[in-house]
Amino acid sequence: MEIKTIYDRIGGDESIRKIVDTFYPKVYENEELSPLFEGDIDEIKRKQWMFLTQLTGGGALYSDEFGPPNMRVRHMPFEITPVRAQAWLKLMHETLTETGLIETEGGKALFERLSQIAPIMINRQ
Ligand code: HEM
């Protein structure tokens with residue numbers, strides 16, 4: 001039996017790109033999150049595009065360039081509080097809603113996965 005990846009179930013690269021393009025403008029406008037994002041929006045979008053591709057089973061783009069994801073460790077320099085993790089997830093939910101993906105089985109599975117990962121990034125109370 002063939003089991004399709006989340007990547008295929010949400011519609012592959014086109015959907016990953018839509019998510020990233022919709023999500024980051026929200027982040028850079030959010031008062032909880034924007035102070036953390038001082039880097040180049042194009043580079044952070046490119047990294048998230050690679051990472052989400054990898055997370056959903058579309059290929060190891062992120063690890064091929066940057067090595068093991070270790071996302072908790074990579075987020076350590078940034079103060080991620082429970083409030084900020086919640087804000088991040090809320091914007092991701094808005095993103096999946098606006099792109100129509102939350103209504104799909106694959107979109108729901110992706111949001112569930114991200115809901116599990118976001119709390120792991122909390123590194124300050
Ligand atoms: C929980 C709340 C989160 C906050 C506040 C947060 C914040 C940040 C910040 C400030 C950066 C660095 C941006 C820059 O370079 O200017 C970053 C990088 C990144 N974040 Fe998050 N993040 C969160 C959750 C997540 C989650 C759940 C994922 C995975 C789906 C993720 C994936 C990434 C990736 C792939 C990078 C790039 C890492 C690199 O430098 O290679 N983040 N994040």
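The structure presented is a predicted model; accordingly, all values stated were derived computationally and were not measured. (Residues numbered from 1 in each chain as written. Predicted model: local features only at pLDDT ≥ 70, side-chain atom pairs only at ≥ 80, totals over all residues. Heavy atoms only, no water.)

Caption draft 1: View of the nonpolar core. Among the nonpolar cores identified, the biggest contains 24 residues, and I19 and L96 are the most heavily contacted of them. Contributions of two or more residues to this core are made by helix 1 (6-10), helix 2 (12-29), helix 6 (82-98) and helix 7 (105-117). Not counting residues up to four positions away in its chain, the partners in contact with L96 are I19, L101, I102, G107, L110 and F111. With 8 residues, the next largest nonpolar core counts M50, Y62, I117 and M121 among its residues. (Core = buried A, V, L, I, M, F, W, Y, C linked by side-chain atoms within 4.5 Å. Buried < 20%, exposed > 50% of the residue type's maximum accessible area, 1.4 Å probe, protein only. Helix = DSSP H or I, 4+ residues; strand = E, 2+ residues; numbered from the N terminus. Contact = heavy atoms within 4.5 Å.)

Caption draft 2: Broad picture of the site of the ligand. Every one of the 20 residues lining the ligand counts as a neighbour, but G39, K47, Y62, H75 and W88 are closest to it. In this structure, K47 approaches the ligand through a side-chain N or O atom, which is 3.0 Å from an oxygen atom. Between H75 and the ligand, the recorded distance is 2.8 Å, taken from a side-chain N or O atom to a nitrogen atom. Mapped onto the shell around the ligand, the elements with two or more residues apiece are helix 3 (41-55), helix 5 (71-75), helix 6 and helix 7. With 4 residues, helix 3 is the single largest residue contributor to the shell around the ligand. Tallied by class, residues from the shell around the ligand come to 15 nonpolar, 3 polar and 2 charged. (Near = heavy atom within 4 Å. Polar contact = N/O pair within 3.5 Å; in protein donor to acceptor, adjacent residues only side chain to side chain. Nonpolar A, V, L, I, M, F, W, Y, C, P; charged D, E, K, R; others polar.)

Caption draft 3: Structural view of the packing of aromatic side chains. Evaluated as defined, the whole model comprises 6 aromatic pairs. Relative to W88, the ring of F23 lies with its centre 5.0 Å away and its plane at 65 degrees, an arrangement referred to as edge-to-face. Of this pair, F23 sits in helix 2 while W88 sits in helix 6; the two residues are 65 residues apart in sequence, bridging distant segments of the chain. Both residues of the pair, F23 and W88, belong to the buried class. Ring geometry for Y28 versus F37: centroids 5.6 Å apart, planes at 55 degrees, classification tilted. A relative accessible area of 22% places F37 in the partly exposed class. The rings of F23, Y24, Y28, F37 and W88 are connected pair by pair, giving a single aromatic cluster. Here the basic side chain of K47 rests over the ring of F66, its NZ or CZ set 5.2 Å away from the ring centre. (Phe/Tyr/Trp six-rings, centres within 6.5 Å; stacked < 30°, edge-to-face > 60°. Lys NZ or Arg CZ within 6 Å of the ring centre and 35° of its normal.)

Caption draft 4: Summary view of the packing of helix 2 against helix 6. Two numbers describe how helix 2 lies on helix 6: the axes approach to 9 Å, and their chain directions differ by 140 degrees. As far as their axial angle goes, helix 6 and helix 2 are oblique. Taken as a pair, helix 2 and helix 6 cross one another with a handedness that is right-handed. Contacts between helix 2 and helix 6 pair I19, T22, F23, K26 and V27 from the former with W88, L91, M92, E94, T95, L96 and E98 from the latter. Residues belonging to the contact of helix 2 with helix 6 are distributed by class as follows: 7 nonpolar, 2 polar and 3 charged. (Axes fitted to C-alpha atoms, helices over the stretch in contact; angles between N-to-C directions. Parallel < 35°, antiparallel > 145°, perpendicular 65-115°, else oblique. Left-handed = near helix turned anticlockwise from the far one by under 90°.)

Caption draft 5: Helix 2, seen in detail. For helix 2, spanning 18 residues, the distance from its first C-alpha to its last is 27 Å, which sits close to the expected 26 Å at 1.5 Å a residue. Taken together, the buried positions of helix 2 are occupied by G12, S15, I16, I19, V20, F23, Y24, K26 and V27. With its buried residues spanning 160 degrees around the axis, helix 2 presents them on a single face. Residues of helix 2 that are exposed and point more than 90 degrees away from the buried face comprise E14 and E29. Considering only its buried residues, helix 2 is in contact with helix 1, helix 3, helix 6 and helix 7. (Expected span 1.5 Å × (residues − 1). Arc of directions from axis to C-beta.)

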